[in-house]
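# Structure at a glance
Residue strings, one per chain:
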Amino acid sequence: MFSVITVSDSCAAGKATDTSGPHLVELIKQSLKTDTVNYLLIPDEEELIKQSLIYACDVLKVRAVFTTGGTGFAPRDVTPEATRAIITKEAPQLTLAMTLCSLEKTKFAVLSRAVCGVRNKTLVVNFPGSKKAVGECYQSIVDVLPHVLNLLNEGEIERVRETHRKVQAEGTDGQVPQEVYHVCPHATGKGGDDRNSPFPMISVDEALKQILATIPTVSAIRKQLSRVNIPPFRASIKDGYALKSIGGKGMKKVIGYISAGDPIVQTNFTIDECYKINTGAPVPLHADAVIQVEDSKLVSRENDYERIVEILTEPTASLDVRSIGSDLRMSEEVFQYRFPLDACQRALLAAIGEKVSVVKLKVAIISTGDELLHPYDASATADASSLEGKIFDSNTTMLVGLVRQCGFTEDQCEILQRVVKDDFESLKNEIESLTGVVHIIICTGGVSMGDKDFVKPVLKELNYELIFGRVNMKPGKPCTYASSEVTKFFGLPGNPVSAFVTFHLFALPALRQYLATMNETAPYAAKASLPMITVELMDAKYMLDPRPEYARASIISRNGKLLASITGGQISSRLKSTIEADVLLELPARTETKPCIMAGTSLKALVLRSDFISRYE
């Protein structure tokens, strides 16, 4: 948890808008990967500043408090005095780093009296009051902030030591990485005693290519033909009057009323007569035009019925009349099937009186883990002691929801759900019972290097062909794919975000391709993957990972430009990062020359849903 305090008389009084504080909040959320940042706006009152700092440090026990404003020479600039009064240790070098950075921008940086220090286990940092200066000063210390916070937290001493080892190994260049990244050893690829995965690391594109290569395609294109004409009769396009065009305009006697669903009027009539007709109703056999109500004038009524109307415009043959089969003719191709069936395909099938005819895809979704409880099991939650060391299974709920959300309705896809214990025999029995019965198994957990990660050994035992066992990506590196004659197996990581990302990148295209193949449609690979757009990074700075990363981001449309904002901390267990995710942002791997990306960077993004723009500005 972190706190931001803006100190400003004018902003606190509502005479000005605080831009520095909210900007600082966003910088902290992005760089320190947190969603919990308290924000407070107070006037330049020394006692109030002290109380606010003490409350944040001693009551809220935040990891760091950042103030903005009140650091200059004006009479009411007292933030440094208030800060110095409550800290137990000063951190003058942090202040120096900010001053040196600011001096590169402006000589007036020497007028800042900012103070940095520590109160107990909380870091306190003063920033200037302008939004620009806040951004510059924050960037000058952001790389060392995680290390400072680790030093203040005894529980993170191992991360401190790891940072020290990394800095000593790479040389002291004055730069401490924002995050110590774990890079798994995979040089030998032997497995066994060297404790490395025996599976080579392949790219995301290569992984998807190998998956789709195992699913057969067909060259024939399944076409749907119409068995009826639409409309099956001449229908009125407007509410108005059906008449004979040769009669021209002028006075007409209304001799009947025709509504949608009425039979076709077969009776002949004169050129001085007409029928009142509704939109969609069948045009009389001997009428060839419809004049809309707006082009007529009511002359007389009889017992609430229209009797005489004046037609004000000259009618022409076929005016506002839909001819038989004008929308769709009998035996005409309605569409070429694509799967899953969407709303428009279903509507057209209904319009021609055809039922949905689909060979169902059978999918099994499995979660593995001794720690998993069913989220809606009342017996499991009744006894508090039974919850110790346990967690509720969210993966099966999420994956079933995603399959349905992506268009695989019950009439196109049958889903089985299972939760399996972490032992070889249980997992083997479950997968064996599903092999050859379902088309696709999506399993979460049990694919890494732990003592109870049995998925890969079980697949080998059951004679699956292991296509790949690791992918060069974050999150989702241990993702595994295996194939048998009928059943295709996806071993997704157990962390829910990893499962979310790898489902969209790998399992979803396979589901689409398999369903299309089963229903004898053209190869679907071109449309199997998520659609891609180009966006601009909105966040001030984002540290890259050694692996290509698929970050969850929300999209804002600003004057027609699509801006991407990463949804807080991206750790793979943090399911909340998917809630506001509109896209998966493709981030390049970290390099020595490019450790981070900045606001304004153009990036590719994979669209997760049709309504992918969260906000318009």
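As shown above, the structure is provided for reference.
Treat the numbers as computed from the prediction; the structure is a model and nothing was measured.

Another aspect to go through is the layout of surface pockets. As a volume, the second largest pocket reaches approximately 680 Å³. Forming the walls of the second largest pocket are 24 residues, and the residues nearest its centre are Glu26, Lys29, Asp539, Ser565 and Ile566. For the lining of the second largest pocket, the elements supplying multiple residues, two or more each, are helix H2 (20-31), strand E27 (549-558) and strand E28 (561-566). When residues in the lining of the second largest pocket are grouped by element, the largest group, 6 residues, is from H2. Partitioning the lining of the second largest pocket into residue classes produces 7 nonpolar, 8 polar and 9 charged.

Turning next to the nonpolar core. With 59 residues, the main nonpolar core has Ile442, Phe503 and Phe506 as its most contacted residues. The element contributing the most residues to this core is helix H15 (residues 496-518), with 14 residues. Once you skip the residues sitting within four places of it in the chain, Phe506 turns out to touch Val204, Ala207, Leu208, Ile211, Val471, Met473, Cys479 and Phe490.

This brings us to the environment of Phe127. In this structure, Phe127 sits in strand E6 (residues 122-127). When the C-alpha atoms of Phe127 and Cys116 are compared, they prove to be 9.1 Å apart, with 11 residues separating the residues in sequence. Leave out the neighbours within four places in its chain, and Phe127 touches Leu24, Phe66, Thr67, Thr68, Gly69, Thr71, Met98, Val134, Cys137, Tyr138 and Ile141.

Once that is clear, we can look at the environment of Asp539. Within the element layout of this structure, Asp539 appears in the loop between strand E25 (532-537) and strand E26 (541-543). Take Asp539: its relative accessible area is 8%, and that puts it in the buried class. Residues Asp539 and Ser31, 508 residues apart in the sequence, show an inter-C-alpha distance of 9.1 Å. Apart from residues lying up to four places away in sequence, Asp539 is in contact with Gln30, Ala564, Ser565, Ile566, Met598 and Ala599. A polar side-chain atom of Asp539 sits 2.9 Å from the main-chain amide nitrogen of Ile566.

Bringing H15 into the picture now. Approximately 50 degrees is the largest bend angle found in H15, and it occurs at Phe503. Burial runs high along H15: 23 of the 23 residues are buried. Looking one or two residues past H15, Glu520 carries a phi angle of roughly 55 degrees, positive in sign.

Another point: the pattern of salt bridges. Side chains that carry opposite charge are capable of pairing whenever their charged atoms lie near each other. Applying the stated criterion to the full structure yields 23 salt bridges. Two residues, Glu306 and Lys276, come together in a salt bridge whose shortest N-O distance is 3.0 Å. Placement of the pair is Glu306 in strand E14 (residues 305-311) and Lys276 in strand E11 (residues 273-277), with a sequence separation of 30 residues. The same class applies to Glu306 and to Lys276, which are both buried. Put simply, Glu430 and Arg418 hold a salt bridge, and the shortest N to O gap is 3.0 Å. With Glu430 in helix H13 (residues 424-434) and Arg418 in strand E20 (residues 413-420), this residue pair connects regions lying 12 residues apart in the sequence. For Arg418, a relative accessible area of 31% gives the class partly exposed. A single network of salt bridges, built from pairs that share partners, joins Asp9, Glu45 and Arg76.

Moving on, we get to a nonpolar patch on the surface. A contiguous nonpolar patch, built from Phe73, Leu96, Leu100, Leu103, Phe108, Val110 and Leu111 and spanning about 700 Å² of accessible area, is present on the exposed surface. The residue Leu103 is located in helix H5 (residues 92-103) in this model.

Moving on, we come to the state of the cysteines. Tallied over the entire structure, the rule returns 0 disulfides. Free cysteine Cys101: the closest other cysteine sulfur is in Cys137, separated by 6.4 Å. We classify Cys101 as buried; its relative accessible area is 19%.

Attention shifts here to the sheet that holds strand E23 (residues 480-483). If you trace the 6 strands from one edge of the open sheet to the other, you get E20-E17-E21-E24-E23-E22, paired in mixed fashion. Of all strands in the sheet, those bounded by a partner on one side alone are E20 and strand E22 (465-468). Averaged over all adjacent pairs, the angle separating strand axes in this sheet is 20 degrees, with direction ignored. In this sheet, strand E24 (residues 488-492) lies alongside strand E21 (residues 440-444) in parallel orientation, the contact comprising 5 bridges. Pairing of Cys443 across the sheet is with Gly491, part of E24. Sheet strands touched by H13: strand E17 (361-368), E20, E21 and E24. Its angle to E20, the strand with the most contacts, is close to 165 degrees.

Attention now goes to the packing of helix H3 (residues 46-59) against helix H4 (residues 79-86). Running from N to C, H3 and H4 cross one another at 45 degrees; their axes reach a closest spacing of 9 Å. One element, H3, and the other, H4, form an angle in the oblique class. Where H3 crosses over H4, the handedness of that crossing is right-handed. Judged by residue contacts, Glu46, Ile49, Lys50, Leu53 and Ile54 of H3 engage Thr79, Glu81, Ala82, Thr83, Ala85 and Ile86 from H4.

So, on to the side chain of Ser483. For Ser483, the position within the fold is in strand E23. Of the residues examined, Ser483 reaches a relative accessible area of 9% and is grouped as buried. Excluding anything up to four places from it in sequence, Ser483 contacts Thr214, Tyr464, Glu465, Ile467 and Lys488.

Reading guide: rules and limits
Residues numbered from 1 in each chain as written. Predicted model: local features only at pLDDT ≥ 70, side-chain atom pairs only at ≥ 80, totals over all residues. Heavy atoms only, no water. 1 Å grid on protein atoms, 1.4 Å probe; cavity = no way out; pocket = protein on both sides within 12 Å on 5 of 7 lines; lining within 4 Å. Points joined across faces, edges and corners; volume = space filled by probe spheres on them. Helix = DSSP H or I, 4+ residues; strand = E, 2+ residues; numbered from the N terminus. Nonpolar A, V, L, I, M, F, W, Y, C, P; charged D, E, K, R; others polar. Core = buried A, V, L, I, M, F, W, Y, C linked by side-chain atoms within 4.5 Å. Buried < 20%, exposed > 50% of the residue type's maximum accessible area, 1.4 Å probe, protein only. Contact = heavy atoms within 4.5 Å. Polar contact = N/O pair within 3.5 Å; in protein donor to acceptor, adjacent residues only side chain to side chain. Bend = angle between axes of the 7 residues up to and from the residue. Salt bridge = Lys/Arg side-chain N within 4 Å of Asp/Glu carboxyl O. Patch = residues over 30% accessible without salt bridge, like charges linked within 9 Å, V, L, I, M, F, W, Y side chains within 5 Å. Areas by Shrake-Rupley, 256 points an atom, 1.4 Å probe, with all protein chains shown as cover. Disulfide = S-S within 2.5 Å. Pairing = 2+ DSSP bridges. Axes fitted to C-alpha atoms, helices over the stretch in contact; angles between N-to-C directions. Parallel < 35°, antiparallel > 145°, perpendicular 65-115°, else oblique. Left-handed = near helix turned anticlockwise from the far one by under 90°.

Read these as layout, nothing more, since geometry by itself doesn't imply function.
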